[in-house]
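Examining the three-dimensional arrangement
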Amino acid sequence: MAYDLISEQVLGSAQSSVTFSSIPGTYKDLVLEYVGIQSPAVSNMSGRVGNGSVDTGSNYSGTEMSGNGSSAVSSRYSNDTRWYVNYNSTNTALIMTVMQFQNYANTNMNKTVLVRNTDATTYTAAYVKLWRSTSAINTIQLYMGTSFSSGATFRLWGIA
Amino acid sequence: MSWTLIESVTLGSTQASVTLGSGGTIPQTYKTLKVVISARSDSGTSFTGIRANLNGSTTSQSSRTLSGNGSAASSATYSTFFAGLVQQTAYTANTFTSSELTLPNYTSSTQNKVGSSESVTENNATEAQQWMFANLWSSTAAVTSVTIAIDGSGNFISGSTFTLYGLK
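This text gives an overview of the structure that appears in the document. Every chain begins its residue count from 1, and numbering advances along the sequence as written. For naming, the first written chain is A and the first written ligand is 1, with later ones following in the order written. Whole-chain, interface and lining totals are the exception, using all residues; otherwise, since this is a predicted model, local features are given only for residues with pLDDT of at least 70 and side-chain atom pairs are given and counted only at 80 or more. To get the side-chain values, take all heavy atoms of the structure and skip hydrogens and water.

**What about the overall build of chain B?**
Secondary structure is summarised from DSSP: a helix means a run of H or I of at least four residues, a strand means a run of E of at least two, and numbering begins at the N terminus for each. From N to C terminus, chain B includes zero helices and 12 strands. Each helix and strand of chain B, ordered N terminal to C terminal, gives the series β-β-β-β-β-β-β-β-β-β-β-β. Since a compact globule built from 168 residues should have a radius of gyration of about 15 Å, the 15 Å found for chain B is in line with a globular shape. Across its three principal axes, chain B shows a C-alpha extent of roughly 45 × 35 × 30 Å. When accessible area is computed with a 1.4 Å probe and restricted to protein chains, residues below 20% of their type maximum are described as buried, those above 50% as exposed, and intermediate ones as partly exposed. Burial statistics for chain B: of 168 residues in total, 51% are counted as buried. Relative to all contacts within chain B whose residues are 6 or more apart in sequence, the contacts with residues 24 or more apart total 78%. Working note: accessible area of chain B is about 6,500 Å², and carbon and sulfur atoms make up 47% of it. Counting rule for charge: Lys and Arg are taken as positive, Asp and Glu as negative, and neither His nor the chain ends is counted. Positions of charges follow a simple convention, taking NZ of Lys, CZ of Arg, CG of Asp or CD of Glu. Averaging the positions of the 7 positive and the 7 negative side-chain charges in chain B gives two centres separated by 13 Å. For this measure, only C-alpha atoms enter the radius of gyration; the expected value for a globule follows 2.2 Å times N^0.38, where N is the number of residues. When checking whether two residues touch, look at their non-hydrogen atoms; a contact exists if any pair is within 4.5 Å. For accessible areas, the Shrake-Rupley method is used with a probe of radius 1.4 Å. Any residue's cover is judged against the shown protein chains and nothing else.

See the structure below:
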């Protein structure tokens, strides 16, 4: 089983979004691995996907569970214009996020994504996301209200 | 490219700890490391944690957890970098805990080290454990070894396995 690095972006300066485009449709699943610091101090990383341009319609939903060190909680949302991929409660914490896109190129099913978030200063979380489209995913966009810090790394792997 | 096996240890007798990359020998040529553990302890009556001491360091560690035991979910904080859990003598015999620790950017000399781990015990009784760990080692040193040790008393029993993979 191959686990290929498709693309890697390491930010040389702060920027508000990162996009992976022209993703080949030849793999079974995708894994997007992120490590970085985010701002502003209390914000979310958002995500959108698409075929060509990203979908900005109300086609995103998710179920989430997380622990903040004192309590475990679960929530969900529907019919949103983006995924909530992670959140940061400071602009200094180093966060790790792994997104697994199942059957991303399959044109017979909507797209599900598993997310794991790791922030030892704030929370750990597991999410499942849905994009209600049978289009193959060949574009992934992650964005912040303000920015990802310089040094943030984004790696897109393909599993064959 | 695939996950590359760097090192694998299978215990032939009880042992208190295992060091992957002993002597600081983990290659610095990968982007991400993964440690996979199948383990059981020779003491205690329930379960305990498995520490991952990067470069042998036992300081500057922290973690935040999310867990379920079959009847409730909870969350906690620790001053420990966890690879996972290990089940002890009272859990179902011949059953080992499975754990996986992922370490991205382990070669970085500018970032602290984050690690995501997940661990499950299984026990044919009213209690078993499923845990997620958000770990942080507040050090910008590149990771050259990982020492796996039981958090507390006890030893890993014969048959426990510890495997290190690299991805690039």
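**Section: the pattern of salt bridges**
The term salt bridge refers to a side-chain nitrogen of Lys or Arg lying within 4 Å of a carboxyl oxygen of Asp or Glu. Counted by the stated rule, this structure contains seven salt bridges over all chains. The salt bridge involving A:Glu64 is made with A:Lys129; its shortest N-O contact spans 2.8 Å. Here A:Glu64, found in strand S7 (residues 60-67), pairs with A:Lys129, found in strand S12 (residues 123-131); they are 65 residues apart in sequence, far enough to count as distant. Its relative accessible area of 1% is what places A:Lys129 among the buried residues. For the salt bridge of B:Asp151 with B:Arg51, the shortest nitrogen-to-oxygen distance reads 3.3 Å. Here the residue B:Asp151 occupies a position in the loop between strand S11 (146-150) and strand S12 (161-167), and B:Arg51 occupies one in strand S4 (residues 47-54), the gap between them amounting to 100 residues. On the basis of relative accessibility, which here comes to 27%, the residue B:Asp151 falls in the partly exposed class. Given a relative accessible area of 16%, B:Arg51 falls into the buried group. It is possible to trace a salt-bridge network through shared partners that takes in A:Glu8, A:Glu33, A:Arg155 and B:Lys31.

**Re the sheet that holds strand S3 (residues 29-36) of chain A**
All names here are of chain A. DSSP bridges decide pairing: two strands pair if at least two such bridges lie between them. Taken together, eight strands build an open sheet; the order of strands is S1-S14-S3-S10-S11-S12-S7-S8 and the sheet is antiparallel. Only two strands of the sheet have a single neighbouring strand rather than two, namely strand S1 (3-10) and strand S8 (72-80). Across the sheet, the axes of successive neighbouring strands diverge by a mean angle of 15 degrees, strand direction being ignored. Pairing of S3 with strand S14 (residues 153-159), which is carried by seven bridges, proceeds in the antiparallel orientation. Within S14, the residue paired with Asp-29 across the bridge is Ile-159. To obtain each axis, a line is fitted to C-alpha atoms, and for helices this fit is confined to the stretch in contact; angles are then taken between N-to-C directions over 0 to 180 degrees.

**Here's the deal with the environment of B:Asn55**
Residues and elements named next belong to chain B. Among the structural elements, Asn-55 can be located in the loop between S4 and strand S5 (61-68). Counting along the chain gives 29 residues from Asn-55 to Ile-26, while the straight-line C-alpha distance between them is 10.0 Å. Apart from the residues lying within four places of it in its own chain, the contact partners of Asn-55 are Trp-137, Ala-141, Ala-142, Val-143, Thr-144 and Ser-145.

**Quick notes on the pairing of strand S11 (residues 111-119) of chain A**
Residue and element names in this part refer to chain A. Where strand S10 (residues 95-102) meets S11, seven bridges bridge the pair, whose relative direction is antiparallel. For Val-98, the partnering residue across the bridge sits in S11 and is Arg-116. Alignment of S11 against S12, held across nine bridges, turns out to be antiparallel. Among the inter-strand pairings, Asn-117 is bridged to a residue of S12, identified as Ala-125. Between S11 and S12, which follow one another and run antiparallel, lie three residues.

**A few points about the environment of B:Thr80**
Along the chain, B:Thr80 falls in the loop between strand S6 (73-78) and strand S7 (82-87). For B:Thr80 and B:Asn155, which are 75 residues apart along the polypeptide, the C-alpha to C-alpha distance reads 18 Å.

**As for the sheet that holds strand S10 (residues 130-137) of chain B**
Residues and elements named next belong to chain B. On the basis of which strands lie adjacent, the open sheet formed by eight strands has the order S1-S12-S3-S8-S9-S10-S5-S6 and antiparallel pairing. The outermost strands of the open sheet, each flanked by one partner alone, are strand S1 (4-10) and S6. Going across the sheet, the axis of each strand differs from the next one's by a mean of 15 degrees, ignoring polarity. In the sheet, strand S3 (residues 32-39) pairs with S12 via seven bridges, with the strands oriented antiparallel. Residue pairing in the sheet places Leu-33 in a bridge with Gly-166 of S12.

Note that every value here comes from positions in space, so none of it alone points to a role or purpose.
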